[in-house]
Amino acid sequence: MSFEAKDSDQVLAGDRLYPNFEPLQGTVVAVQANYYWVRLQETETPISSPLLLCTRRTRLKKMGQRVMVGDRVYVEEPDWAGRRGAISHVLPRQSELDRPPMANADQILLVFALAEPEIEPYQLSRFLVKAESTDLEVCLCLSKSDLVPIDEQARWRDRISTWGYEVTFLSVHQGKGIAELNQRLSHKITVASGPSGVGKSSLINHLIPSVDVRVNAVSGKLAKGRHTTRHVELFELPLSGFLADTPGFNQPDLFIAPQDLASCFPEIRHRLAEATCQFNDCWHRDEPGCAVRGDWERYEHYLSFLDDAIAYQTHLNQQSDRDDVLKLKTKRKGAQYEARLDPKKYRQESRRMQQQSLQKLTDDMKNLMENEDNEG
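Residues numbered from 1 in each chain as written. Predicted model: local features only at pLDDT ≥ 70, side-chain atom pairs only at ≥ 80, totals over all residues. Heavy atoms only, no water.

Enquirer: What am I meant to see in the overall build of the protein here?
Expert: A tally of helices and strands in the protein yields 10 helices and 17 strands. The buried share of the protein, taken over its 376 residues, is 40%. Within the protein, counting contacts between residues at least 6 apart in sequence, those at least 24 apart form 61% of the total. Total accessible area on the protein is roughly 22,400 Å²; 47% of this is exposed by carbon and sulfur atoms. (Helix = DSSP H or I, 4+ residues; strand = E, 2+ residues; numbered from the N terminus. Buried < 20%, exposed > 50% of the residue type's maximum accessible area, 1.4 Å probe, protein only. Contact = heavy atoms within 4.5 Å. Areas by Shrake-Rupley, 256 points an atom, 1.4 Å probe, with all protein chains shown as cover.)

Structural data, given as structure tokens:
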């Protein structure tokens, strides 16, 4: 690629014309405050590393255009010596996640440990439901397989297969399952998720030797992992594709509408494909003629998550009703609300309306007096 300017060369980048170069396209791999690290797609650049520290154009800020990790963007006016640039345009997103804040992810890599810490089925189920709610492909891996015997691994494989998932067993120390995982990650943007201390950072260090992700030990007292990742960052895989390490958390929030929860369970999707419930709005709880209710392992999990979803929906409805009658007064000392007055009832009447009302009252009195005189 040549960056020499020609008199006839003018290319539209964003909404402005830049005569000196073609627009550079790249992927946002990290966000730090108001700065964005962008990895350019072009291989022929004046610098050895196609990584630029960019700002966001004021026009995008005024538009309310948020720039997220994973966004595909155009970069303008690169300063190759200072390795800086400016993001002028954000391309349409194929997908978007709120937590972690990510754009254009293709799949979720959910990592749990077979030991240290041991798997909690309810916690695993909660993570799976959260992953299913994103509508992304779910890749489930169980790490630290070298710490448990083969027969226990087989039991977990059979158990989770009844949930509707295939499991990849990993061992970073033995290199087990790494080749299979590399194939699934190739040419995709993958979000790594799971509880703290299950070995996500160690796995990333093994998959991408050029990076050094900080690793912490598991807490001895609580048998739970400590949080090692503090922000979202994309790492380029040697065999193409990107892997995003995300902050670990032990219990993800399930902000899912009650009517959407059933679609997050493969077991329910399978049952509804073979039979239908008697009622279209069935929540699969105690309704008659339900095709889902039955003896399957995660049904109790579904009922528990449904109670949480109903409680969350009720909370949202109460907040909505509160906003109808209350308005936020100040945020300086915390949220304070005051009664929201009916504008039609309490609005001060304009001078013109006052004069019209006075004139109408005068005319009415005049007509009344004329009627009385005529009757007299």
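Enquirer: What is the right way to read the nonpolar core from this model?
Expert: It is characteristic of soluble globular proteins that their nonpolar side chains tend to be buried jointly. Of all hydrophobic cores here, the largest spans 32 residues; its most connected members are Met102, Leu124, Leu142, Ile160 and Leu234. Within the residue set of this core, elements represented by two or more residues are β10 (107-113), α2 (121-132), β11 (137-143), α3 (150-161), β12 (167-169), β13 (189-193) and β15 (242-245). By residue number, the principal contributor to this core is α2, which donates four residues. If we ignore the near neighbours within four places in the chain, the residues touching Met102 are Met68, Val69, Ser95, Glu96, Leu97, Ile189, Val191, Val232, Leu234 and Ala244. Counting residues in hydrophobic clusters, the runner-up holds 19 residues, among them Leu185, Val198, Leu237 and Leu243. (Core = buried A, V, L, I, M, F, W, Y, C linked by side-chain atoms within 4.5 Å.)

Enquirer: Help me understand the pairing of β15, please; the structure alone is not making it clear to me.
Expert: Where a strand is regular, its side chains alternate between the two sheet faces. In β15, alternate side chains face the same way, and those of Phe242 and Ala244 on one face and Leu243 and Asp245 on the other are all buried. The sheet contact formed by β13 and β15 spans four bridges and is parallel. Residue Ala192 lies in a different strand from β15, and its bridge partner there is Asp245. Examined bridge by bridge, strand β14 (residues 233-236) and β15 share four bridges and lie antiparallel to one another. (Pairing = 2+ DSSP bridges.)

Enquirer: What is the right way to read the pattern of salt bridges from this model?
Expert: Side chains that differ in sign of charge can pair as their charged atoms come close. Tallying each qualifying case throughout the model produces 13 salt bridges. A salt bridge links Asp71 to Arg93; its shortest N-O distance comes to 2.7 Å. Note that Asp71 is positioned in the loop between α1 (58-63) and β6 (72-79) and Arg93 in the loop between β7 (84-90) and β8 (96-97), a separation of 22 residues in sequence. By relative accessible area, Asp71 is classed as buried at 0%. Here Arg184 ties to Glu137 by a salt bridge, and the two come within 3.4 Å at their closest N and O atoms. Remark: Glu137 occurs in strand β11 and Arg184 occurs in helix α4 (residues 178-185); sequence separation between them is 47 residues. Arg184 gets classed as partly exposed once you look at its relative accessible area, which sits at 25%. Beyond isolated ion pairs, a larger network of salt bridges with shared partners links Arg57, Glu76 and Glu77. (Salt bridge = Lys/Arg side-chain N within 4 Å of Asp/Glu carboxyl O.)

Enquirer: What am I meant to see in the environment of Gly241 here?
Expert: Topologically, Gly241 is positioned in the loop between β14 and β15. The spacing of Gly241 and Ser186 is 55 residues in sequence and 5.3 Å in space, taken between C-alpha atoms. Residues in contact with Gly241, not counting those within four places in the same chain, are Leu185, His187, Lys188, Phe235 and Glu236.

Enquirer: How should I be thinking about α2 in this particular structure?
Expert: Residue pairs spaced three or four apart in an α-helix point in one direction, given the helix's 3.6 residues per turn. In this model α2 runs 16 Å from its N-terminal to its C-terminal C-alpha over 12 residues, within 8% of the 16 Å that 1.5 Å per residue would give. With respect to burial, α2 is a largely interior element, nine of its 12 residues being buried. Turning to α2, its buried residues number three or more, namely Gln123, Leu124, Ser125, Arg126, Phe127, Leu128, Val129, Ala131 and Glu132. (Expected span 1.5 Å × (residues − 1).)

Interpretation note: all reported values are geometric properties and have no functional meaning in isolation.
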